[in-house]
Amino acid sequence: MNITYLGHAGLSVEVAGKHLVVDPFISGNPLAKSVDLASLKADYILVTHAHQDHILDVEAIAKRTGAKVISNFEIVTYFENRGIVGHPMNHGGSWQFDFGTLTYTNAIHSSSFPDGSYGGQPGGFILESAEGTIYIAGDTALTFDMKLIPLKCKLNLAVLPVGDNFTMGYKSACMAADFLACNRILGYHYDTFGYIEINHQEAIEYFKAHYKELNLIKIGESINV
Ligand code: NI
Ligand code: MN
């Protein structure tokens, strides 16, 4: 499995020959200028919640590629009303797709659309595949529910927000790594706006001091599982 960072909370996951785009916020992110939105491959688009910084480019990518949107019921309905095919899920539910099994997990956050309409409850995803298992937390606080995840599966990588202010910061993310029984973390949701700028070296050292690995990779760079 190959995971490429698209900036902010955006990821491109290549697994079982399929391309999954997660929470694309590229055209509105000056830091992600190097990402070519027009050539991004997508068979599926995973959306954790309805905030603008997670859905901005969903419609453009879906209409160009025909990708199916996977999210909570309310978000899928919103995009279906715009002519995009979707697969609705809700918390605790799993579904076997042709690339692996997804479970929609709990997140402590909010989930309104940019126009204020209801975007369901926010979530994250566990992706279990023959190539490994990862957890993409979405925007969330540290939550005790994370302790349930290692009871269900063994994670090879956890993608956690580390930017603080709107989500947990890196110190809580380090505790989340304990809850998840996963010492390999990919940090995201940082540096995009002033509120979430972090000191990379401090964050990386903090994880090291707790015998964990925090990866803060450049936009466009990849990590393998
Ligand atoms: Ni959000
Ligand atoms: Mn966000």
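Higher on the page you've got the structure.
The structure reproduced in this document is the subject of the present report. (Residues numbered from 1 in each chain as written. Chains lettered and ligands numbered in written order. Predicted model: local features only at pLDDT ≥ 70, side-chain atom pairs only at ≥ 80, totals over all residues. Heavy atoms only, no water.)

### Structural notes on the overall build of the protein
Line of reasoning, step 1. The helix and strand inventory of the protein stands at six helices and 14 strands.
Line of reasoning, step 2. A globule of 225 residues ought to have a C-alpha radius of gyration of about 17 Å, and the protein, at 16 Å, matches this closely.
Line of reasoning, step 3. Its C-alpha atoms put the protein at 50 × 35 × 35 Å along the principal axes.
Line of reasoning, step 4. Classification of the 225 residues of the protein by burial places 54% in the buried group.
Line of reasoning, step 5. Counting only contacts in the protein whose residues sit at least 6 apart along the sequence, the fraction spanning at least 24 positions is 60%.
Line of reasoning, step 6. Here the protein displays about 9,400 Å² of accessible surface, and carbon together with sulfur accounts for 51% of that area.
Line of reasoning, step 7. With 15 positive and 23 negative side-chain charges, the protein shows a spacing of 4 Å between the two charge centroids. (Helix = DSSP H or I, 4+ residues; strand = E, 2+ residues; numbered from the N terminus. Rg over C-alpha atoms; globule rule 2.2 N^0.38 Å. Buried < 20%, exposed > 50% of the residue type's maximum accessible area, 1.4 Å probe, protein only. Contact = heavy atoms within 4.5 Å. Areas by Shrake-Rupley, 256 points an atom, 1.4 Å probe, with all protein chains shown as cover. Lys, Arg positive; Asp, Glu negative; His and termini not counted. Charge placed at Lys NZ, Arg CZ, Asp CG, Glu CD.)

### What about unusual backbone geometry?
Line of reasoning, step 1. The phi torsion at Asp164 lies on the positive side, around 65 degrees, for a residue other than glycine.
Line of reasoning, step 2. Inspection of the secondary structure assignment puts Asp164 in the loop between strand 11 (157-161) and helix 5 (170-180).
Line of reasoning, step 3. For Asp164, a relative accessible area of 46% puts it in the partly exposed group.
Line of reasoning, step 4. Of note in this structure, Asn165 is not a glycine but carries a positive phi near 65 degrees.
Line of reasoning, step 5. With respect to the helices and strands, Asn165 occurs in the loop between strand 11 and helix 5.
Line of reasoning, step 6. With a relative accessible area of 49%, Asn165 lands in the partly exposed category.

### Considering the coordination of the manganese ion (ligand 2)
Line of reasoning, step 1. Every protein donor of the manganese ion (ligand 2) is listed here as Asp53 (OD), His54 (NE2), Asp139 (OD) and His189 (NE2), and their distances to the metal cover 2.1 to 2.2 Å.
Line of reasoning, step 2. Separation of the manganese ion (ligand 2) from the nickel ion (ligand 1) amounts to 3.1 Å, with Asp139 serving as a shared donor to the pair. With Asp53 in helix 1 (residues 52-55) and Asp139 in the loop between strand 10 (132-136) and helix 4 (149-152), this pair connects stretches of sequence that are 86 residues apart. Side by side, Asp53 and Asp139 carry an identical accessibility label, which is buried. (Donors = N, O, S within 2.8 Å, 3.2 Å for Na, K, Ca; no water.)

### Notes on the packing of aromatic side chains
Line of reasoning, step 1. Evaluated as defined, the whole model comprises 10 aromatic pairs.
Line of reasoning, step 2. Look at Phe166 and Tyr195: their rings are 5.6 Å apart centre to centre, the planes differ by 85 degrees, and that puts the pair in the edge-to-face class. Of this pair, Phe166 sits in the loop between strand 11 and helix 5 while Tyr195 sits in the loop between strand 12 (184-188) and helix 6 (200-209), and the two are 29 residues apart along the sequence.
Line of reasoning, step 3. By relative accessible area, Phe166 is classed as partly exposed at 41%.
Line of reasoning, step 4. For Tyr195, a relative accessible area of 62% translates into the label exposed. (Phe/Tyr/Trp six-rings, centres within 6.5 Å; stacked < 30°, edge-to-face > 60°.)

### Notes on the nonpolar core
Line of reasoning, step 1. If you look at the biggest cluster of nonpolar residues, it comprises 53 residues, and the most contacted ones within it are Leu11, Tyr135, Leu160 and Leu180.
Line of reasoning, step 2. With seven residues, the top contributor of residues to this core is helix 5.
Line of reasoning, step 3. Residues in contact with Leu160, not counting those within four places in the same chain, are Tyr135, Ala137, Met168, Ala173, Ala176, Ala177, Leu180, Ile185, Leu186, Gly187 and Tyr188. (Core = buried A, V, L, I, M, F, W, Y, C linked by side-chain atoms within 4.5 Å.)

### Some remarks on the coordination of the nickel ion (ligand 1)
Line of reasoning, step 1. Taken together, His49 (NE2), His51 (ND1), His109 (NE2) and Asp139 (OD) make up the protein donors of the nickel ion (ligand 1), found 2.2 to 2.4 Å from the metal.
Line of reasoning, step 2. Around the nickel ion (ligand 1) sit four donor atoms, and with donor-metal-donor angles ranging over 86 to 178 degrees the site reads as irregular.
Line of reasoning, step 3. Here the donor residues of the nickel ion (ligand 1) share one chain and are spaced in sequence as H-x1-H-x57-H-x29-D.
Line of reasoning, step 4. By relative accessible area, which is 16% here, His51 ends up buried. (Tetrahedral: all angles 85-135°; square planar, octahedral: opposite > 155°, others 65-115°.)

### Regarding the sheet that holds strand 7 (residues 94-96)
Line of reasoning, step 1. Ordered by their spatial adjacency, seven strands build an open sheet running 7-8-9-10-11-12-13, and the pairing between neighbours is mixed. Edge positions in the sheet fall to strand 7 and strand 13 (213-215), since each of these pairs with one other strand and no more. Ignoring strand direction, the axes of neighbouring strands in this sheet form an average angle of 20 degrees.
Line of reasoning, step 2. One ladder, built from three bridges, connects strand 12 with strand 13; its direction is parallel. Across the sheet, the residue bridging to Leu186 is Asn215, located in strand 13.
Line of reasoning, step 3. Of the strands in this sheet, strand 10, strand 11 and strand 12 touch helix 5, which is tilted by about 145 degrees from strand 11. (Pairing = 2+ DSSP bridges. Axes fitted to C-alpha atoms, helices over the stretch in contact; angles between N-to-C directions.)

### Brief notes about the side chain of His87
Line of reasoning, step 1. Checked against the element boundaries, His87 lands in strand 6 (residues 86-89).
Line of reasoning, step 2. Taking relative accessible area as the criterion, His87 reaches 14% and is therefore assigned buried.

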